[in-house]
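Chains, contacts and geometry: an overview
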Amino acid sequence: MAFTAFSATAAAAPHAPRKRSWTALILLAPGIAYMLLFFLAPFIQLVITSLQAPADTGGIGDYVAAFQFSNYAAAIQEYWPHILRSFVYAVIATIAGLIISYPLAYLIGVRLRPYPMLQGLALILVIAPFFISFLLRTLAWKQILPSEVIGTDFSVIFGLTYNFIPFMTLPIFASLQQLDLRLVEAGSDLYASPVTTFRKVTLPLSMPGVVSGTLLSFIPMSGDYVNASREFLGSTSTPMIGNVIEASFLQTQNYPLAATLSIILMAIILVIVATYVRRSGTEDLL
Amino acid sequence: MKHFSLGKAFVPVVASVALIYLLLPIFYVIAFSFNDAGRNNITWRGFTLDNWTNPCGAPNVCQAFGNSILIGVVATIIATVLGSAIAIALVRYRFKFRSTISLLLFTPMATPEVVLGAGLAAQFLLAGVEKGIGTVILAHTMFCISYVVVAVKARVASLNPAIEEAGRDLYASPGQVFWRITLPMLMPGIIGAALLSFALSFDDFIITNFNSGTANTFPKFIYTSALRGVPAQANVLASMVFIGAIILVIVVQVVRITKQKRLARQ
């Protein structure tokens with residue numbers, strides 16, 4: 001939803017009146033200072049940490065500033081299966097989420113449009129999971145699913161898909177809600193089959209929602225470490241890159257490794273997202 | 001026509017399955033809040049109201065819950081004030097680095113939480129700040145600001161500037177225009193942003209885990225007790241939040257619809 005909102009409001013800005021800029025400065029300064037201090041600076045710190053070398057003392061968690069770029073090669077060499085697994089899981093779960101979410105969003109945004117009360121109720125049902133702890137919901141699947149399935153690739157992807165259905169459904173709903181149904185009618189008047197009409201009219205017009213939804217699911221999915229952890233739906237054969245980052249930061253205190261893997265994760269996401277957005281022809285979304 | 005009828009059935013069937021998929025774990029969590037489980041709330045052992053009459057019965061669960069509320073409230077207040085101010089400035093004023101600032105606010109939403117969490121933890125480590133409730137509040141405020149800006153920006157952009165102009169024409173000072181016209185009109189957006197911000201903070205686990213040290217929160221409590229079995233009291237507290245939020249949403253919806261109907265009649 002964030003992506004949709006971002007693009008929608010950016011367009012309204014040119015009407016803004018020019019005013020004395022010190023007011024703007026007063027409004028902006030505290031928040032921007034906060035973001036520089038607690039978002040940008042930590043990000044830079046992450047890059048610095050990723051290049052650190054172990055200290056001579058050899059103590060756990062002791063590292064010194066260095067420019068040890070070999071950290072990256074070493075991390076990739078050792079953890080490429082985890083990196084690969086994360087993105088394979090995220091891609092499959094995103095596609096599964098799309099297949100489940102699109103009909104749901106279509107039902108609410110198009111079929112239920114003449115019935116506002118039902119539409120409102122259906123929307124509440126989609127948002128409902130946000131109001132109950134996502135850890136408890138994920139844990140519930142551990143008990144609901146057959147125990148033979150728990151700890152497999154399937155259960156982790158199942159959990160990831162589940163966690164991000166609302167993030168997929170809501171943006172697609174938002175764009176389908178704005179779909180002009182006369183265009184769909186026009187398609188069938190021109191003897192297009194329902195499938196052709198869907199492919200040529202409905203789907204292209206809902207693409208902004210599809211792009212937002214897939215990004216809003218894919219990005220957090222690829223960094224998730226709850227579903228794949230042994231306490232939840234994973235096992236020793238399913239760790240994702242998030243699990244490695246968590247364990248190396250909080251347990252083994254190998255801060256450079258955690259930082260290196262974080263930067264690698266971020267870089268791969270950036271490349272995938274940039275390629276995807278360009279391919280889907282909705283560059284103006286970002 | 002055969003295709004068409006097939007399509008007609010396809011959408012409701014898949015959508016119903018999707019809704020069951022979404023809601024089944026919620027029913028499970030609520031049902032198991034009534035489980036006569038003792039310490040092991042994994043298998044069903046019979047119905048009881050004991051957990052509901054004594055939601056703080058399990059060790060640490062209410063303390064963790066209280067911490068989560070405290071963190072959520074403080075982070076929401078700071079993020080809503082800072083974020084709303086930014087949103088107003090971004091829509092209303094022209095200045096240098098406008099798109100850079102937008103990018104700075106937008107990037108946290110497009111960054112996996114594990115990266116945000118690790119970055120902040122690395123920073124606190126370097127600065128020698130001891131991790132606890134304070135560092136969790138700092139972390140939550142950071143990502144909440146982004147969401148507040150997005151939510152409030154939409155509201156500011158949809159405001160009709162003519163109403164504020166009318167205020168100025170009637171000799172209201174800039175301060176009076178802001179407090180008596182602009183802010184009240186922005187309120188629905190700001191309240192919505194605050195609720196979103198609280199919900200995000202309250203349910204956050206990934207960033208919290210990196211920055212909380214020994215301080216406990218409700219999601220962290222669930223995570224650490226997952227292996228031994230989460231006590232039924234956690235289900236009770238989560239169900240209370242769920243039921244409260246659903247009632248709140250329904251009340252807001254009903255108020256909105258009756259307001260619209262009243263306006264339509266006039």
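Residues numbered from 1 in each chain as written. Chains lettered and ligands numbered in written order. Predicted model: local features only at pLDDT ≥ 70, side-chain atom pairs only at ≥ 80, totals over all residues. Heavy atoms only, no water.

An unreviewed UniProt entry lists chain B under the name ABC transporter permease, with Leucobacter rhizosphaerae as the source organism. UniProt, in the comment section headed Subcellular location (unreviewed entry), describes chain B in these words: "Cell membrane". In its Sequence similarities (unreviewed entry) section, the UniProt record describing chain B reads: "Belongs to the binding-protein-dependent transport system permease family. CysTW subfamily." (UniProt positions renumbered as here; feature names shortened; annotations may be inferred.)

For chain A, the name recorded in an unreviewed UniProt entry is ABC transporter permease, with Leucobacter rhizosphaerae as its organism. Reading the Sequence similarities (unreviewed entry) entry of the UniProt record for chain A gives the comment "Belongs to the binding-protein-dependent transport system permease family. CysTW subfamily." One UniProt comment on chain A, placed under Subcellular location (unreviewed entry), says "Cell membrane".

**Details of the overall build of chain A**
The helix and strand inventory of chain A stands at 11 helices and two strands. Reading the helices (α) and strands (β) of chain A from amino to carboxyl end gives α-α-β-β-α-α-α-α-α-α-α-α-α. Every one of the 286 residues in chain A was classed for burial, and the buried ones make up 51%. A fraction of 71% describes how many contacts in chain A between residues 6 or more apart in sequence connect residues 24 or more apart. Total accessible area on chain A is roughly 13,200 Å²; 68% of this is exposed by carbon and sulfur atoms. (Helix = DSSP H or I, 4+ residues; strand = E, 2+ residues; numbered from the N terminus. Buried < 20%, exposed > 50% of the residue type's maximum accessible area, 1.4 Å probe, protein only. Contact = heavy atoms within 4.5 Å. Areas by Shrake-Rupley, 256 points an atom, 1.4 Å probe, with all protein chains shown as cover.)

**Things to note about the environment of Ile86 of chain B**
Inspection of the secondary structure assignment puts Ile86 of chain B in helix H3 (residues 61-92). Taking the C-alpha atoms as reference points, Ile86 of chain B and Ile145 of chain B, 59 residues apart in sequence, are found 9.0 Å from one another. In this structure Ile86 of chain B touches Leu27, Leu28, Gly31 and Ile32 of chain A together with Leu105, Ile145 and Val149 of chain B, once residues within four positions along its chain are discounted.

**Here's the deal with the confidence of the model for chain B**
All names here are of chain B. Per-residue confidence for chain B averages 90 on the pLDDT scale, and 97% of its residues sit at or above 70. Taken element by element, the predicted model of chain B shows its lowest mean pLDDT in helix H1 (residues 2-31) (84) and its highest in helix H9 (residues 206-211) (97). Under the prediction, the complex receives an ipTM of 0.90, its pTM being 0.90. (pLDDT = per-residue confidence, 0-100.)

**Here's the deal with the UniProt feature "transmembrane region" (unreviewed entry) in chain A**
When the UniProt feature table is mapped to this numbering, "transmembrane region" (unreviewed entry) covers residues 22-44, 87-108, 120-140, 152-174 and 257-277 of chain A. Regarding residues 87-108 of chain A, the helix share stands at 100% and the strand share at 0%, and the terminal C-alpha atoms are separated by 30 Å.

**Observations concerning the UniProt feature "domain: ABC transmembrane type-1" (unreviewed entry) in chain A**
Per the UniProt record, the feature "domain: ABC transmembrane type-1" (unreviewed entry) sits at residues 83-276 of chain A. Annotation note: span residues 83-276 of chain A, helix share 76%, strand share 0%, distance between end C-alpha atoms 19 Å.

**Examining the side chain of Ser84 of chain B**
Residue and element names in this part refer to chain B. One can find Ser84 in helix H3. Ser84 gets classed as buried once you look at its relative accessible area, which sits at 7%. At 2.6 Å, the side chain of Ser84 and the backbone oxygen of Thr80 are in polar contact. (Polar contact = N/O pair within 3.5 Å; in protein donor to acceptor, adjacent residues only side chain to side chain.)

**Describing the UniProt feature "transmembrane region" (unreviewed entry) in chain B**
Residues and elements named next belong to chain B. Look at the UniProt record and you will see "transmembrane region" (unreviewed entry) annotated at residues 9-31, 69-91, 103-126, 132-156, 177-202 and 236-255. Counting secondary structure, residues 103-126 comes out at 75% helix and 0% strand; the distance between its end C-alpha atoms is 26 Å. Secondary structure content for residues 132-156 is 96% helix and 0% strand, and the end C-alpha separation is 36 Å.

**As for the UniProt feature "domain: ABC transmembrane type-1" (unreviewed entry) in chain B**
Feature annotation in UniProt assigns "domain: ABC transmembrane type-1" (unreviewed entry) to the following positions: residues 65-259 of chain B. In the segment residues 65-259 of chain B, helix accounts for 81% and strand for 0%; the C-alpha atoms at its two ends are 36 Å apart.

**What to know about the packing of aromatic side chains**
Tallied over the full model, the rule gives 28 aromatic pairs over all chains. Ring geometry for Tyr63 of chain A and Tyr255 of chain A: centres 6.3 Å apart, planes at 70 degrees, overall edge-to-face. Of the two residues, Tyr63 of chain A sits in strand S2 (residues 63-64) while Tyr255 of chain A sits in helix H11 (residues 255-279), which places them 192 residues apart along the sequence. For Tyr63 of chain A, a relative accessible area of 24% gives the class partly exposed. Ring plane angle 70 degrees and centroid distance 5.1 Å describe the contact between Phe158 of chain A and Tyr21 of chain B, whose orientation is recorded as edge-to-face. Note that Phe158 of chain A is positioned in helix H6 (residues 153-177) and Tyr21 of chain B in helix H1, a pairing that runs across two chains. Relative accessible area serves as the criterion here: at 17%, Phe158 of chain A is assigned to the buried category. According to the relative accessible area criterion, Tyr21 of chain B is buried, its value standing at 11%. Through pairs of rings, three or more aromatic residues link up here, namely Tyr63, Tyr225, Phe232, Phe249 and Tyr255 of chain A together with Phe205, Phe210 and Tyr223 of chain B. (Phe/Tyr/Trp six-rings, centres within 6.5 Å; stacked < 30°, edge-to-face > 60°.)

**Some remarks on helix H9 (residues 207-223) of chain A**
Look at H9 of chain A: 25 Å from first C-alpha to last across 17 residues, which is about the 24 Å you get at 1.5 Å a residue. By the criterion of burial, H9 of chain A is predominantly enclosed, with 14 of the 17 residues buried. (Expected span 1.5 Å × (residues − 1).)

**As for the interface of chain A and chain B**
Taken together, the contact pairs 82 residues of chain A with 88 residues of chain B. Overall, the association of chain A and chain B removes approximately 8,000 Å² of surface from exposure, summing both partners, and the carbon and sulfur fraction of that is 81%. Counting the contacts that link chain A with chain B gives zero salt bridges. Between chain A and chain B we count nine residue pairs in polar contact (both at pLDDT 80 or more) in total. The biggest single contributor to the side of chain A that touches chain B is helix H2 (residues 21-50) of chain A, with 20 residues. When its residues are assigned to classes, the side of chain A that touches chain B shows 62 nonpolar, 12 polar and eight charged. (Buried area = accessible area lost by both parts, 1.4 Å probe. Salt bridge = Lys/Arg side-chain N within 4 Å of Asp/Glu carboxyl O. Nonpolar A, V, L, I, M, F, W, Y, C, P; charged D, E, K, R; others polar.)

**Things to note about the domain arrangement of chain B**
Residue and element names in this part refer to chain B. One can read the domain layout of chain B as domain 1 (1-60 + 228-241) and domain 2 (61-215). Contacts between the two partners involve nine residues from domain 1, matched on the other side by six residues from domain 2. Summing both partners gives a buried area of about 590 Å² for domain 1 against domain 2, and 76% of it is carried by carbon and sulfur. If you sort the residues of domain 1 by the area they bury against domain 2, Asn60, Leu237 and Val241 come out on top, with a joint share of 73%. Across the domain 1-domain 2 interface, the total number found is zero salt bridges. The tally of links between domain 1 and domain 2 comes to five residue pairs in polar contact (both at pLDDT 80 or more). Per-class residue counts for the side of domain 1 that touches domain 2 are seven nonpolar, two polar and no charged. (Domains from an automatic or database assignment.)

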